[in-house]
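Topology and contacts: notes
Next come the chains, spelled out residue by residue.
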Amino acid sequence: MLDVLATTITVAALVLAGWSLLTTLLNRRVGISHLAGLAGLEVLLLVQAGVGIFRLVGGQGPDEPVLFLAYLIGALFIPPAAALWGITDRSRWGSGVVAVAGLVTPVLIVRLQQIWQTVHG
């Protein structure tokens, strides 16, 4: 995996989580800024998925490619699920859901890196 991409995703997700937590504490609903942040995060995750799949097809990759793909594809569902939930829950807790998504994503990224680093070793 590309470390710079993983770091970028992690930072973006944590910024989104911080913003969403602040808006939750201020009793604000999910707005355009939340949705834009989730869309940006999704784009970064799609790039990561493309790079990961490209490298797997190219013969590189971890000892457990199925587990790696499960995490890689699973991460893609986090931002859209948070956006849908956030839009439908018109209370401040919709922003809370976006904050949780921003915190869960870096955990998945770290796990992806751990799996990737178990290359034939």
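These numbers were taken from a predicted model, which means no experiment stands behind them.

Quick word on the confidence of the model for the protein chain
- Per-residue pLDDT for the protein chain averages 93, and the proportion of residues at 70 or more is 97%.
- The least confident element of the protein chain is helix α3 (residues 65-76), whose mean pLDDT is 95; the most confident is helix α1 (residues 3-25), at 97.

With respect to the environment of isoleucine 32
- Tracing the sequence through the fold places isoleucine 32 in helix α2 (residues 32-57).
- Residue isoleucine 32 is classed as exposed on the basis of its relative accessible area, which comes to 70%.
- Counting along the chain gives 84 residues from isoleucine 32 to tryptophan 116, while the straight-line C-alpha distance between them is 34 Å.

Re the side chain of threonine 24
- Relative to the assigned elements, threonine 24 resides in helix α1.
- When residues no more than four places from it in sequence are discounted, the contact partners of threonine 24 are Arg92, Trp93, Ser95 and Gly96.

Points about the packing of aromatic side chains
- In the structure shown here, the tally under the stated rule is one aromatic pair.
- Their ring planes at 50 degrees and their centres at 5.1 Å tell us that phenylalanine 68 and tryptophan 116 sit as a pair that is tilted. Here phenylalanine 68 is found in helix α3, whereas its partner tryptophan 116 is found in helix α5 (residues 93-116), with 48 residues between them in sequence.
- For phenylalanine 68, a relative accessible area of 0% puts it in the buried group.

Let's talk about unusual backbone geometry
- With phi around 60 degrees, asparagine 27 is a residue other than glycine that occupies positive phi space.
- Mapped onto the elements, asparagine 27 comes out in the loop between α1 and α2.
- Classification of asparagine 27 as exposed rests on a relative accessible area of 53%.

Rules used in this analysis
- Residues numbered from 1 in each chain as written.
- Predicted model: local features only at pLDDT ≥ 70, side-chain atom pairs only at ≥ 80, totals over all residues.
- Heavy atoms only, no water.
- pLDDT = per-residue confidence, 0-100.
- Helix = DSSP H or I, 4+ residues; strand = E, 2+ residues; numbered from the N terminus.
- Buried < 20%, exposed > 50% of the residue type's maximum accessible area, 1.4 Å probe, protein only.
- Contact = heavy atoms within 4.5 Å.
- Phe/Tyr/Trp six-rings, centres within 6.5 Å; stacked < 30°, edge-to-face > 60°.

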